[in-house]
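The lines below spell out each chain.
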Amino acid sequence: MRKKALFISSIVATVTTISGIILSNKLMYIKQKDNDFILERETKAQRFDEAWFNNVTKVELSIASPNGYDIKGYFFKPLATKNTMIICHGVTENKMNSTKYARMFERLGFNTVVYDHRRHGDSGGKTTSYGYYEKMDLQAVVHFIRGLIGEEATLGIHGESMGAATTLLYAGIIEDQADFYISDCAFSDFKQLLYSIVKSSISIELKWAVHLTDLFMRLRDGYWTKNIVPKDAVKNIEKPVLFIHNLHDTFIPCAMTVDLYKAKEGPKMLRLFEKGDHAQAFNEDPIKYEATVREFLDQYVPHTLFCIS
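In what follows, the accompanying structure is described. Worth saying up front: this structure is predicted, and the values here are computed from it rather than measured.

**Here we look at unusual backbone geometry**
For residues other than glycine, phi is negative in most cases, and the peptide bonds are mostly trans.
And step 1. The phi dihedral of tyrosine 130 falls on the positive side, at around 60°, and the residue is not glycine.
And step 2. Accessibility expressed as a relative area gives 6% for tyrosine 130, which makes it buried.
And step 3. The phi dihedral of cysteine 185 falls on the positive side, at around 55°, and the residue is not glycine.
And step 4. Examined against the element boundaries, cysteine 185 turns out to sit in the loop between β6 (180–184) and α7 (190–197).

Dropping the structure here:
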């Protein structure tokens, strides 16, 4: 009987280990969109202007991450200003997806920085951590850019999806050093999002799978999902935040951004868009999106902060 029990225990341990590795792999090594696919998609949709990109004054960036790799990006400088936006893309995307926002912020009076998150585009890094390590990379980018533009310039951060969660985690956990933030369809709690993704079932097996994934991500990548909770981080942000979400988002529920908005104290604005699915507010209605950002800036970013050179 003892040998049988040991054998069964060994089988259970083996199955558990294999399952944990498979489940955590799906998150840590999530399949990315091909760089050429992203560029072609954005070009066909007329969100990427190749002529503008080729002719705009820009600087290629290579910023050392505290996590031991280089962060790659561009600093677009179409305007004679030091006011700058840092744009954080979503999971599986890259910096070329962010250039659509660069054109918008140019019209609003800002130069822009776009960069690749770890394990995306041209940046280094072995895993995707959904904001845990990415928030440290964002801090490195902020410090580097602030060193270029000076303390008197207006600095904002715009994030989309995982980039939005990263923005809130950076500002609420590490440092609230930008002048304002724009969070477009962020999740409020990463573990809750895991449940939401597989919301067709709330069985014991599902709960077991999520807990097992959590354990193996801690063992393999150094953090728990409880370390990725923007809803807690946002309580510490004093600077203005604009929260944006699509009402019919089928990937990250709109209710998550509503929760973030409610948790944030001080200056804030919430705008929910009718058209489009996840991270599609700008793509579906760029005019309304830009008007929303302009309204937020007019209300919460004093013009006295602006530093034109």
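**Points about helix α5 (residues 134–149)**
And step 1. Over its 16 residues, α5 extends 22 Å from the first C-alpha to the last, a length consistent with the 22 Å expected when each residue adds 1.5 Å.
And step 2. If you check which residues of α5 are buried, you get Glu134, Lys135, Asp137, Leu138, Ala140, Val141, Val142, Ile145, Arg146 and Ile149.
And step 3. Of the surrounding secondary structure, the elements contacted by the buried residues of α5 are β1 (58–64), β2 (70–76), β3 (84–88), β4 (111–115), β5 (155–160) and α6 (162–174).
And step 4. Downstream of α5 by one or two residues, glycine 150 has phi in the positive range, about 90°.

**Some thoughts on the sheet that holds β3**
In any sheet, the strands associate via hydrogen bonds between backbone groups, in a parallel or an antiparallel arrangement.
And step 1. Strand order across the open sheet formed by 8 strands is β1-β2-β4-β3-β5-β6-β7-β8, with mixed pairing between neighbours. Looking at strand neighbours, the two that pair on one side only are β1 and β8 (268–273), the edges of this open sheet. Between one strand axis and the next, the sheet turns through 20° on average, direction left out of account.
And step 2. Bridge count for β3 against β5 is 5 bridges, and the pairing is parallel. Its bridge partner being in β5, isoleucine 86 is matched across the sheet by isoleucine 157.

Rules behind the numbers
Residues numbered from 1 in each chain as written. Predicted model: local features only at pLDDT ≥ 70, side-chain atom pairs only at ≥ 80, totals over all residues. Heavy atoms only, no water. Buried < 20%, exposed > 50% of the residue type's maximum accessible area, 1.4 Å probe, protein only. Helix = DSSP H or I, 4+ residues; strand = E, 2+ residues; numbered from the N terminus. Expected span 1.5 Å × (residues − 1). Contact = heavy atoms within 4.5 Å. Pairing = 2+ DSSP bridges. Axes fitted to C-alpha atoms, helices over the stretch in contact; angles between N-to-C directions.

Interpretation in functional terms is not warranted from these geometric data alone.
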